[in-house]
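Read off the chains here:
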Amino acid sequence: MVLLVTSDNEQFQTEKDIVERSVLIKNMLEDVGESDQPIPLPNVSSSVLKKVTQPSTGPTEIDVRGRYLSTASTTVESPSRPPILEQSQDETRKRTTDISEWDQKFITVDQEMLFEIILAANYLDIKSLLCRRWLQDGSQHDQGARPPEEIRKLFNIVNDFTPEEEAQIKKENEWAEDR
Amino acid sequence: MAFQSQSAAPVISKLEEYDLNITLSQQRISQLFTTNERPQDHELALIRPVAHKTTARLACLEAEMSRLKDQLGQLEEEHCVLMACHTRNATILSPTRRIPVEILSEIFSWSLPSFRLPSVRNAPWNLARVSRRWRAIALAQSSLWSRICLDFSLSKTYSLAMVQTQIERACTLKIKFIGSHRSDSRPQVDMLQVLLRYSSIWEEICIVLTTALVIPMAACRGRLPLLQRAWLQWDGPESQANIDSIDFLTVAPSLADITVRSHHHFMPTLFPVHHLLTRYAFHAPWKTHYELLKSSPNLHEVRISRNFDQGVPWPVPGEPIRLSHLRSIYVSHVESLDYLSAPVLEEIAIRSQRRVDTQSHLAPFVTRSSCVLRKLCMVGLPDVQSTEEILNQYPSITELAVRIMDAKKNLKTEHDVLLTFFPRFTISDSARISPHISKLDFECHNVHVIPYTLYVDMLDSRWKAPDCALTASELLLPNTTVDPDPESLARMETLREGGMRVSFFSGRVAEERADRWVYVASWVV
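Procedures and definitions
- Residues numbered from 1 in each chain as written.
- Chains lettered and ligands numbered in written order.
- Predicted model: local features only at pLDDT ≥ 70, side-chain atom pairs only at ≥ 80, totals over all residues.
- Helix = DSSP H or I, 4+ residues; strand = E, 2+ residues; numbered from the N terminus.
- Buried ≥ 20, exposed ≤ 12 C-beta atoms within 10 Å, placed from the backbone.
- Contact = placed C-beta atoms within 7 Å.
- pLDDT = per-residue confidence, 0-100.
- UniProt positions renumbered as here; feature names shortened; annotations may be inferred.
- Pairing = 2+ DSSP bridges.
- Domains from an automatic or database assignment.
- Axes fitted to C-alpha atoms, helices over the stretch in contact; angles between N-to-C directions.
- Parallel < 35°, antiparallel > 145°, perpendicular 65-115°, else oblique.
- Left-handed = near helix turned anticlockwise from the far one by under 90°.
- Nonpolar A, V, L, I, M, F, W, Y, C, P; charged D, E, K, R; others polar.

Participant: Could you give an account of the overall build of chain B, with specific residues and numbers?
Facilitator: Check the secondary structure of chain B and you find 15 helices and 16 strands. When each of the 525 residues of chain B is scored for burial, the buried share is 34%.

Next comes the structure, spelled out in structure tokens:
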């Protein structure tokens, strides 16, 4: 077990193989070796760390199909594992665009929390978690296929293009005409 | 602007609290109401007070409703102002604004769809149309634009200008180009010409060739300095008409991984002569393979598919070709092993043949190589007896995969193979075949032949046997999306809950996973 201390001074006992999915923590553990010393996480609050470690309640909650079944209509390219247990898919660059029910329940957080989790995932160096958060946000699952207007609405982004940029974008839009 | 709620509204009584009854019979009231008859004096005396009371109360209600309407209007006005304020604040405070550029870039890279026919509706195009910041980040990240997938078998046309723009935003290119002789060749050739202008930045090319595409492809000969991976395939026998050989890869100094697939005719393909080649897969006569293997000492992985030389006898083996770095090999004919030595080989996939004794070729090869095999994959219609013999002889093999494929697509034959394997690998008092196997995988092309009960019986028995090492199993059914029967599924679930990694895949993912067993290169463009 590893003892983690959050920015608001809460302590978390967590299994070593789970926290080692974080490259940052893995490196820290390698540096200090076997030690009972707590690992400080000054950039992660307890509420965020709870979200990050919460899924480690165990694989038994997920059924054989939810994790390992894939059909032509539901593209599950990697077994749906709790995000912190997820191996990085960097090598293959495959994406999962369909989200399991388990993931759906887990990700129900407001945008501020989402932002905090993204920052924490980046700080802890858990790439897969970082990206899952993004992909799972909102009612649709695939940000890669959202219209820009929806993305703006979802994330409160202002359309601040200059007229010249708008003209260029309009030209790009013409390439979309029913090809 | 100040908003203030109205003071206490008058109490509105419930309807039943009024006495609106008129002490006349219902029949008489109905009669007066539905005719023009003049009420009698005593009736007027009864009706008038109730009418006055009703009129007064109506006036009161109307006044109250008017007041509430005014109040609602004020509330709506306040709500409208506050909503505008809220939207403004939410926009200003949006966490998205605070996401650092490097994180947003990383997120963008994960937003790319896995199969990306170019479309401005998809990432990265849509991301570049959100805001100035997003556009700047997307355009600065050249890797977002480097993958181009064009599939002309879908009868689609693609915008040359769009692809040209995408190329200009990329630093290197990973291209998947599916040509089709059934579609108009002109747009295909035009698009290929655009891509060929940038062949100096190609890193990967996966191309399905047609006759019309081979000619322009010749232009890239000697102009592929960065190309690392190549996959060449033909769109049917018509596509190979009038083509004698392919030589545009001959000068590709970075090329490390080549796949050449041809199921129709042998197409001589000249590979670059250098020692960088670490992987190849080729459908070719044995003589071609032999020469390639001799000139590629740094192979890590190879798929030797002997084809197009049926009837040609195997030559007498001489000094074996030593492949010092080879870790994985697939052979369509186990006789190929007679010519090789691979001291660090770990994984082997063998297509079984009816009249060939696999062991008589595998055993001398393993002895000669002194390799320690870890994984065995049997392809085709393997015989359970000879598979068992191999496992017994090489206890270092801890993973077995069986890919059942009948070239004649005979369902009964596939069924028979499963009916022999599942019971044979079931642990019982009298049979304990290879208890050291830790992973046991099966792929079957016809879902209707799967005896699920036997499969789960086998897993269950190995899981429960105290000296059995089985911890994982995959069942792959590429040609279906149908679940196993509920009872078998529930039993698999129970095994999962107990800790065994039971995996069930179907459809495209199943096919991809099974392809990995036999070292088919994965192309994720």
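Here the narrative resumes.
Participant: Please set out the overall build of chain A residue by residue, giving values where relevant.
Facilitator: Across its full length, chain A holds 9 helices and 3 strands. Ordered by position from the N terminus, the helices and strands of chain A form the series β-β-α-α-β-α-α-α-α-α-α-α. Residues counted as buried form 32% of the 179 residues belonging to chain A. Sequence separation of at least 24 residues holds for 61% of the intrachain contacts in chain A that already meet a minimum separation of 6.

Participant: An account of the confidence of the model for chain A is needed here, citing residue identities and associated values.
Facilitator: Residues and elements named next belong to chain A. Model confidence for chain A is summarised by a mean pLDDT of 65, while 56% of its residues fall at 70 or above. Predicted confidence is poor over residues 55–103, with pLDDT under 50, and the contacts of this stretch with residues over four places away or in other chains come to 103 contacts. Confidence drops under a pLDDT of 50 for residues 135–141, and excluding neighbours within four residues, the segment shows 15 contacts in the predicted structure.

Participant: Could you give an account of the UniProt feature "coiled-coil region" (unreviewed entry) in chain B, with specific residues and numbers?
Facilitator: Per the UniProt annotation, the sites labelled "coiled-coil region" (unreviewed entry) are residues 51–78 of chain B. End C-alpha atoms of residues 51–78 of chain B are separated by 40 Å, and the span's content is 100% helix alongside 0% strand.

Participant: Explain unusual backbone geometry to me, and be specific about the residues and the numbers.
Facilitator: At the junction of B:A123 and B:P124, the peptide bond is cis and its omega measures out at 5° in the coordinates. On the secondary structure map, B:P124 appears in the loop between α4 (101–111) and α5 (132–140). Despite not being glycine, A:N9 has its phi angle at roughly 65°, a positive value. For A:N9, the location among the structural elements is in the loop between β1 (2–6) and β2 (11–14). Residue A:N9 is classed as exposed on the basis of its 8 C-beta neighbours within 10 Å.

Participant: Which residues make up the UniProt feature "domain: SKP1 component POZ" (unreviewed entry) in chain A, and what values go with them?
Facilitator: In the numbering used here, UniProt assigns the "domain: SKP1 component POZ" (unreviewed entry) feature to residues 1–52 of chain A. Within residues 1–52 of chain A, the helical portion is 40% and the strand portion 23%, while the C-alpha atoms at the span's ends are 16 Å from each other.

Participant: I'd like a rundown of the pairing of β2(A), residues and numbers included.
Facilitator: Residue and element names in this part refer to chain A. Here 4 bridges tie β1 to β2, and the two strands are oriented antiparallel to one another. Opposite V5, over in β2, you have Q11 as the bridge partner. Taken together, β1 and the strand that follows it, β2, pair antiparallel across an intervening segment of 4 residues, in which N9 is found at a positive phi of about 65°.

Participant: Account for the domain arrangement of chain B, with residues named and values stated.
Facilitator: Parsing chain B into structural domains produces domain 1 (36–93) and domain 2 (374–525). Relative placement of domain 1 of chain B and domain 2 of chain B: their C-alpha centres are 75 Å apart.

Participant: Which residues make up the environment of B:L173, and what values do they have?
Facilitator: Residue and element names in this part refer to chain B. Within the secondary structure layout, L173 lies in strand β2 (residues 173–178). By C-beta crowding, L173 is classed as buried, having 22 other C-beta atoms within 10 Å. The spatial distance from the C-alpha of L173 to the C-alpha of N392 is 48 Å, given a sequence separation of 219 residues. Apart from residues lying up to four places away in sequence, L173 is in contact with S146, I148, I167, Y198, I201, W202 and E203.

Participant: Go over the sheet that holds β1(A), please, and point to the residues and values.
Facilitator: Residues and elements named next belong to chain A. Pairing within the open sheet is mixed, and its 3 strands lie in the order β2-β1-β3. What marks the edges here is a single partner per strand, and that holds for β2 and β3 (39–41). Shown here is a sheet whose adjacent strand axes are inclined to one another by a mean of 30°, direction ignored. Note: β1 against β3, 3 bridges, orientation parallel. Opposite T6, over in β3, you have L41 as the bridge partner.

Participant: Give me the packing of helix α10 (residues 358–369) of chain B against helix α11 (residues 384–393) of chain B: which residues, what numbers.
Facilitator: The description of two helices packed together rests on the angle between their axes and the distance between the axes. Residues and elements named next belong to chain B. Between α10 and α11, the shortest axis-to-axis distance is 10 Å and the interhelical angle comes to 20°. What the angle tells us is that α10 and α11 run roughly parallel. Along this stretch, α10 crosses α11, giving a crossing that reads as right-handed. Contacts from T358, Q359, L362 and A363 of α10 reach α11 at S386, E389, I390 and Q393. Of the residues in the contact of α10 with α11, the class split is 3 nonpolar, 4 polar and 1 charged.

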